[in-house]
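Listed below are the residues making up each chain.
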2 protein chains.
Amino acid sequence: MSLTRVQFFSISLDGFGTGEGQTLEAPFGHAGERLHEWMFATRQWRGPDQPGGSGGVDDLFVKQHDQGIGAEIMGANKFGPRGWHEDPEWKGWWGPNPPFHTPTFILTHHAHPPIEMEGGTTFHFIDATPAEALKTAREAAGGKDVRIGGGATVIRDFLAAGLIDHMHIVVVPILLGRGVRLWDGLEGLENDYQIEAISSPSGVTHVTFTRTGA
Amino acid sequence: MSLTRVQFFSISLDGFGTGEGQTLEAPFGHAGERLHEWMFATRQWRGPDQPGGSGGVDDLFVKQHDQGIGAEIMGANKFGPRGWHEDPEWKGWWGPNPPFHTPTFILTHHAHPPIEMEGGTTFHFIDATPAEALKTAREAAGGKDVRIGGGATVIRDFLAAGLIDHMHIVVVPILLGRGVRLWDGLEGLENDYQIEAISSPSGVTHVTFTRTGA
Ligand SMILES: NC(=O)c1ccc[n+]([C@@H]2O[C@H](COP(=O)([O-])OP(=O)(O)OC[C@H]3O[C@@H](n4cnc5c(N)ncnc54)[C@H](OP(=O)(O)O)[C@@H]3O)[C@@H](O)[C@H]2O)c1
Ligand SMILES: NC(=O)c1ccc[n+]([C@@H]2O[C@H](COP(=O)([O-])OP(=O)(O)OC[C@H]3O[C@@H](n4cnc5c(N)ncnc54)[C@H](OP(=O)(O)O)[C@@H]3O)[C@@H](O)[C@H]2O)c1
């Protein structure tokens, strides 16, 4: 069965999935890299050429990236800084070989032809409801799972529509104070999920949500 | 040295320290008892007359209540439901022998004579800045620590004024969606504290803040 999954989406203790003031130079606004330092420190992220790195629970979660994923859906603001659709050269933040390696659907109100990248990633631009986008991505995923890749706005919309089967959130012990909140308007979410938390020696806490099918 | 401490203040995953709609029947509004179930389940809370209860990290934190505390400061909305000052009989939620057993200072804009209770608790009503209130409570604490007892508004104000030395927050895996937020306006708080998180099998995550004296 093909599931809909969120993987290591990182938020601050006060619930922000990105900082304020996203630009080309600062993809996460004033948050900088602070939401993802725990991830950069893992063995999996560093790769075989860089010795060392954390090998515990943080690493286990990062190793799940790509496992069983057949397509991704992301928001327009994850794909590029505001106004990217006016730049005909913009192909995302990730260089010629993006780390998706699957069909990747960008939710946007701006029509755009698809972009085929190296390594199996093709960017498709769609204007659709979460349920419609999921149907399209599911068909492209060839029986594998669909990753909802963020940002906070898109994850929140998919949660509100009841479309997420499994979600992994990483709470980083910083207070951003401003940015885009993940949790707004999701009162009672816990009724539909089994929730577990596991704190890591790195300081972050991993929170997993598994839909109970209630 | 006398410290200023916050002890097991419980918030939802989305950061609310209490629900919406506090009344005499519902001291935590629509949150009900859900922010404190982890605490009611501990051996310490149940006491020697009720066998069983959780004996791990949740219990260790609850056992710290009263240890070394010489005075408490709380907000007017922790002391009673809105309008309590118009009821001459109101003496707090806690019965004739409240669980403070020290001088207890209620921050309020409504002047009120002190109330002496059984067991060492005396309620004093003061209209003062956080720093002034702390000075008064410190003098009354006889060299022991001062507990900032909540609610979220008062803890936030004391944090913003840089007055908290040690804080223990309990993150409960529910989404309240509405109520009083703890974290608003505290951007960068992590710069002044060593922060640790420890998740408990009960599902809550304890987050401790220890001031580094930076
Ligand atoms: N914390 C993490 O782990 C993590 C992970 C990924 C990304 N991020 C960061 O999160 C930020 C982006 O998040 P965000 O919440 O600001 O935005 P987002 O979720 O990436 O994108 C929201 C935008 O997508 C478009 N959109 C969303 N739903 C749509 C629909 N149903 N139909 C058509 N268009 C739709 C709209 O843009 P238009 O109307 O302009 O088309 C909307 O403003 C970036 O800073 C990114 O770097 C963080
Ligand atoms: N989650 C937990 O572990 C926990 C712990 C304790 C309490 N609670 C709950 O939290 C809720 C109360 O929290 P809250 O944030 O609504 O309010 P609160 O912090 O208890 O009280 C805020 C009120 O105190 C008065 N006040 C605050 N600072 C003052 C100052 N410097 N000078 C004079 N008056 C001042 C003002 O009331 P006036 O202007 O009306 O005087 C203000 O509206 C209750 O539902 C309580 O049950 C939760």
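Residues numbered from 1 in each chain as written. Chains lettered and ligands numbered in written order. Predicted model: local features only at pLDDT ≥ 70, side-chain atom pairs only at ≥ 80, totals over all residues. Heavy atoms only, no water.

**Q** Please give an account of the site of ligand 2 that cites residues and values.
**A** Residue and element names in this part refer to chain B. Taken together, the neighbourhood of ligand 2 is formed by 27 residues, with Ser10, Pro27, His109, Ala128 and Thr153 sitting nearest. Measuring from an oxygen atom of ligand 2, one finds a backbone N or O atom of alanine 76 at 3.0 Å. Protein contacts shield 85% of the accessible area of ligand 2, which totals 950 Å² for the unbound molecule. (Near = heavy atom within 4 Å. Polar contact = N/O pair within 3.5 Å; in protein donor to acceptor, adjacent residues only side chain to side chain. Areas by Shrake-Rupley, 256 points an atom, 1.4 Å probe, with all protein chains shown as cover.)

**Q** Quick one: what's the story with the site of ligand 1, residue by residue and with numbers?
**A** Residues and elements named next belong to chain A. Surveying the vicinity of ligand 1 reveals 26 residues, the closest of which are Ser10, Pro27, His109, Ala128 and Thr153. At 2.6 Å, a side-chain N or O of histidine 109 approaches an oxygen atom of ligand 1. Backbone polar atom of alanine 128 to a nitrogen atom of ligand 1: 2.7 Å apart, as the coordinates give it. Computed on the free molecule, ligand 1 has an accessible area of 950 Å², of which 86% lies beneath the protein chains in the complex. Broken down by secondary-structure element, the contributors of at least two residues to the shell around ligand 1 are β1 (4-12), β2 (16-18), α4 (76-79) and α6 (152-160). Of the residues contributing to the shell around ligand 1, the split by class is 10 nonpolar, 13 polar and 3 charged. (Helix = DSSP H or I, 4+ residues; strand = E, 2+ residues; numbered from the N terminus. Nonpolar A, V, L, I, M, F, W, Y, C, P; charged D, E, K, R; others polar.)

**Q** Residues and numbers for the nonpolar core, please.
**A** Counting 68 residues, the largest nonpolar core has Trp183 of chain A together with Trp183 of chain B as its most contacted members. With residues up to four places along the chain from it excluded, the contact list for tryptophan 183 of chain A reads Ile11, Gly15, Met167, Ile169, Leu189 and Phe209 of chain A together with Leu13, Asp14 and Leu175 of chain B. (Core = buried A, V, L, I, M, F, W, Y, C linked by side-chain atoms within 4.5 Å. Buried < 20%, exposed > 50% of the residue type's maximum accessible area, 1.4 Å probe, protein only. Contact = heavy atoms within 4.5 Å.)

**Q** Residue-level account of the sheet that holds strand β11 (residues 205-211) of chain A, with values.
**A** All names here are of chain A. Ordered in space as β5-β6-β4-β3-β7-β1-β8-β11-β10, the 9 strands form an open sheet in which the pairing is mixed. One side of each edge strand has no neighbouring strand; the edge strands of this open sheet are β5 (115-116) and β10 (193-199). Pairing analysis gives 7 bridges linking β10 to β11, with the strands arranged antiparallel. Residue pairing across strands places serine 199 opposite threonine 205, the latter belonging to β11. (Pairing = 2+ DSSP bridges.)

**Q** Give me the relation of the copies chain A and chain B: which residues, what numbers.
**A** For the pair chain A and chain B, the relating rotation is 180°, the translation along its axis is 0.0 Å, and the fit reaches an RMSD of 0.0 Å. In short, the pair behaves as if placed about a two-fold rotation axis. Across chain A, the rotation axis passes nearest the C-alpha of serine 199 of chain A, at a separation of 2.7 Å. Most of the interface of chain A is mirrored in chain B, where 100% of its interface residues again form contacts. (Least-squares fit on C-alpha atoms with pLDDT ≥ 70 in both.)

**Q** Any chance you could break down the interface of chain A and chain B for me, citing the residues and the numbers?
**A** Taken together, the contact pairs 26 residues of chain A with 26 residues of chain B. For the pairing of chain A and chain B, the buried interface totals around 2,000 Å² over both sides, and the portion due to carbon and sulfur atoms is 56%. Counting the surface chain A buries against chain B, the share from its top three residues, Leu13, Leu175 and Glu187 of chain A, is 31%. Connecting chain A to chain B are 6 salt bridges. (Buried area = accessible area lost by both parts, 1.4 Å probe. Salt bridge = Lys/Arg side-chain N within 4 Å of Asp/Glu carboxyl O.)

**Q** Can you lay out helix α5 (residues 130-140) of chain B for me, pointing to particular residues and giving the numbers?
**A** Working note: α-helix, 3.6 residues per turn, so residues spaced by three or four point in the same direction. Residues and elements named next belong to chain B. Buried residues of α5: Ala133, Leu134 and Ala137, and no others. Projected down its long axis, α5 carries its buried residues within an arc of 100°, all on one side. In α5, the exposed positions angled more than 90 degrees off the buried face are occupied by Lys135 and Glu139. Along its buried surface, α5 packs onto β1 (4-12), β3 (69-75), β4 (103-107), β6 (122-126), β7 (145-148) and α6 (152-160). Once α5 finishes, glycine 142 follows within two positions and takes phi at roughly 60°, a positive value. (Arc of directions from axis to C-beta.)

**Q** Lay out the pairing of strand β11 (residues 205-211) of chain B in plain terms, naming residues and giving numbers.
**A** Remark: a regular strand shows side chains that alternate across the two faces of the sheet. Residue and element names in this part refer to chain B. The buried fraction of β11 is high, at 5 of 7 residues. Bridge analysis of strand β8 (residues 166-172) against β11 gives 6 bridges, and the strand direction is antiparallel. Following the sheet pairing, methionine 167 is matched in β11 by phenylalanine 209. Here strand β10 (residues 193-199) folds back onto β11 in antiparallel fashion, the turn holding 5 residues, of which glycine 203 has a positive phi close to 110°.

**Q** How would you sum up the environment of leucine 13 of chain B? Please name residues and give values.
**A** If you trace the backbone, leucine 13 of chain B turns up in the loop between β1 and β2 (16-18). Between the C-alpha atoms of leucine 13 of chain B and leucine 176 of chain B, which are 163 residues apart in sequence, the distance is 8.0 Å. In this view, leucine 13 of chain B contacts Trp183, Val207 and Phe209 of chain A together with Val171, Val172, Ile174 and Leu175 of chain B; residues no more than four positions away in its chain are not counted.

**Q** Just give me the short version of the confidence of the model for chain A, but keep the residues and values in it.
**A** Detailed reading of predicted coordinates is not advised where the pLDDT is low. Across chain A, the average pLDDT comes to 96, with 99% of residues at 70 or higher. This complex was scored by the predictor with a pTM of 0.94 and an ipTM of 0.90. (pLDDT = per-residue confidence, 0-100.)

**Q** Tell me what's going on with the pattern of salt bridges, and back it up with residues and numbers.
**A** In the structure shown here, the tally under the stated rule is 22 salt bridges over all chains. With its nearest N and O atoms 3.4 Å apart, the salt bridge here joins aspartate 66 of chain A to arginine 147 of chain A. Highlighted residues: aspartate 66 of chain A in the loop between α3 (57-63) and β3 (69-75) and arginine 147 of chain A in strand β7 (residues 145-148), separated in sequence by 81 residues. Arginine 147 of chain A gets classed as buried once you look at its relative accessible area, which sits at 3%. For glutamate 139 of chain B, the salt bridge goes to lysine 135 of chain B, with nearest N and O atoms at 3.8 Å. One end of the pair, glutamate 139 of chain B, and the other, lysine 135 of chain B, are both in helix α5, 4 residues apart, so they sit about a helical turn from each other. Overall, glutamate 139 of chain B belongs to the exposed group, its relative accessible area being 59%. Lysine 135 of chain B gets classed as exposed once you look at its relative accessible area, which sits at 57%.

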